[in-house]
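# Residue-level structure breakdown
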Amino acid sequence: WLVLAAMMLTAEVASAFRCPSLALGRAGARGGARACSSWRAGCGGCKLAMASCRGATWLVLAAMMLTAEVASAFRCPSLALGRAGARGGARACSSWRADFKVFFDVVVDEKPAGRMTFKVSQDFLPKTTENFRALMSGEKRIIDPLLSYQNCQFEYGPQYVEGTGNYKWSHVCKGKGKNVFGKEKIAEPQDLVTCRHKCPGPGGGYYYGMEVDLVNADAPDEEDDAGRNLISTQLQKPLGLILEEEPSGQGVFVAEVSPGSNAERSGNILPGDSVVRVGEEDCSAATLEDVLNLIGNAKSFVSVTFCRSEPSMASDVTVLTIPVGGPGHGMSRFDIIRVSDSPSSWKQRLLLNQAVIGRMESGRKTLQLMARARKAPRIVDCGVL
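Worth saying up front: this structure is predicted, and the values here are computed from it rather than measured.

What counts as what
Residues numbered from 1 in each chain as written. Predicted model: local features only at pLDDT ≥ 70, side-chain atom pairs only at ≥ 80, totals over all residues. Heavy atoms only, no water. Core = buried A, V, L, I, M, F, W, Y, C linked by side-chain atoms within 4.5 Å. Buried < 20%, exposed > 50% of the residue type's maximum accessible area, 1.4 Å probe, protein only. Helix = DSSP H or I, 4+ residues; strand = E, 2+ residues; numbered from the N terminus. Contact = heavy atoms within 4.5 Å. pLDDT = per-residue confidence, 0-100. Salt bridge = Lys/Arg side-chain N within 4 Å of Asp/Glu carboxyl O. Polar contact = N/O pair within 3.5 Å; in protein donor to acceptor, adjacent residues only side chain to side chain. Phe/Tyr/Trp six-rings, centres within 6.5 Å; stacked < 30°, edge-to-face > 60°.

### Some details on the nonpolar core
- Counting 31 residues, the largest nonpolar core has Phe104, Met116, Phe132, Tyr149, Phe154 and Phe334 as the members making the most contacts within it.
- No other element matches the five residues that strand β1 (residues 100–108) contributes to this core.
- Discounting chain neighbours no more than four positions away, the residues touching Phe132 are Val102, Phe104, Val120, Tyr149, Leu320, Ile322, Phe334 and Ile357.
- Counting 21 residues, the second largest nonpolar core, distinct from the first, contains Tyr167, Trp169, Val212 and Ala355.

### What to know about the confidence of the model for the chain
- Residues of the chain with pLDDT of at least 70 account for 69%, and the chain-wide mean is 78.
- Note that residues 221–226 has pLDDT below 50 and, in this model, twelve contacts with residues that lie over four places away or in other chains.

### Notes on the pattern of salt bridges
- Tallying each qualifying case throughout the model produces 13 salt bridges.
- Between Arg115 and Asp105 there is a salt bridge; the shortest N-O distance is 2.7 Å. Of the two residues, Arg115 sits in strand β2 (residues 111–120) while Asp105 sits in strand β1, which places them ten residues apart along the sequence.
- Using a relative accessible area of 39% as the deciding quantity, one classes Arg115 as partly exposed.
- Between Asp144 and Lys178 there is a salt bridge, with its nearest N and O atoms 2.7 Å apart. Of this pair, Asp144 sits in the loop between α3 (126–137) and β3 (170–173) while Lys178 sits in the loop between β3 and α4 (189–194), and the two are 34 residues apart along the sequence.
- A single salt-bridge network, built from bridges that share partners, covers Glu162, Arg338, Asp341 and Arg364.

### Let's talk about the side chain of Asp105
- Taking the relative accessible area as the measure of exposure, Asp105 reaches 17% and is therefore buried.
- Of note is the side chain of Asp105, whose polar atom sits 2.7 Å from the side chain of Arg115.
- Beyond its immediate sequence surroundings of up to four residues, Asp105 is in contact with Gly114, Arg115, Arg378, Ile379, Val380 and Asp381.

### Quick word on the packing of aromatic side chains
- The tally for this structure, following the rule as stated, stands at seven aromatic pairs.
- Judged by centre distance (5.8 Å) and plane angle (75 degrees), the rings of Phe132 and Phe334 are edge-to-face. One end of the pair, Phe132, is in helix α3; the other, Phe334, is in strand β13 (residues 334–338), and 202 residues separate them in sequence.
- For Phe334, a relative accessible area of 0% corresponds to the buried category.
- Three or more aromatic residues link up through ring pairs in this structure, and these residues are Phe104, Phe118, Phe132, Tyr149, Phe154 and Phe334.

Below, the structure is given as structure tokens:
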């Protein structure tokens, strides 16, 4: 932009003085301006002022465009000019920016399991990420009902159930097998080169997109980092809750929410929530018998306050990825990978041939319920926030 402005300024000055030696692209011809005797004085001062004014306008415009380009490139402080950086700008970025957020409302074993939200960046693979965003919003369903993740299931089998010995620390949704750009699979080979990261360990290989610390990512401390979210609700009896006592004998939690019950219809209660208050009575250290008596003594409606613990997401590394090869790549498949929860022997290989486009912001509890499911978890709603 600055070079173009300088060329335009030169042209303006040449026009003002009608000097053929200063014409654009011919500066210096036949001895340059010094040898030129054909310019006429005319109102040279006025013409020079006008030319300078027009030239200054070009320079200001160029400066504004340059500022905009730099600001766009440096929305992430470590990215070099041109968004993803020239071979390594993205590699150094630890404070990657989020372009948008998405959410999944999930049912597990036909019971509401809560919502997961992710921050997603388009800095690395713009076409791949745009396809994911459009499928999340469902904006193309009017063209083709298959262009949405709504009502899609996550894959189910021993490799997706924690505690089976075959659990792969990831959950896969294949979508409906289409991308919003057409029949061809999405491929961005040049962008992949600029955001490639080597997998640590002896196995080698690469993953792409956002850089993740695959060596030092540890699971959050459930006790120290837990955040307490209080949920107060008024439920009609019968509640439809199966309650159990904590192993310590102090405190009661929700073991199960019965399908079709008043508790399920409220949409506020999840398995694992702790009962902290019934009516005006503090139940944080109560026995199961105490809680059941309080509920039984209430009239047709009972006011209950639950506590839901969410580990701090600052220390959690759960990422949203798109495969760059293999089955389902380039269409609608995405994976949710629990990096920090996985054993150290798994961490180094979890992201092999995956492009990391986002990171979990909330919903760790929902993901844990998915990992204990007895049938395929299902997305009942999704969208862009």
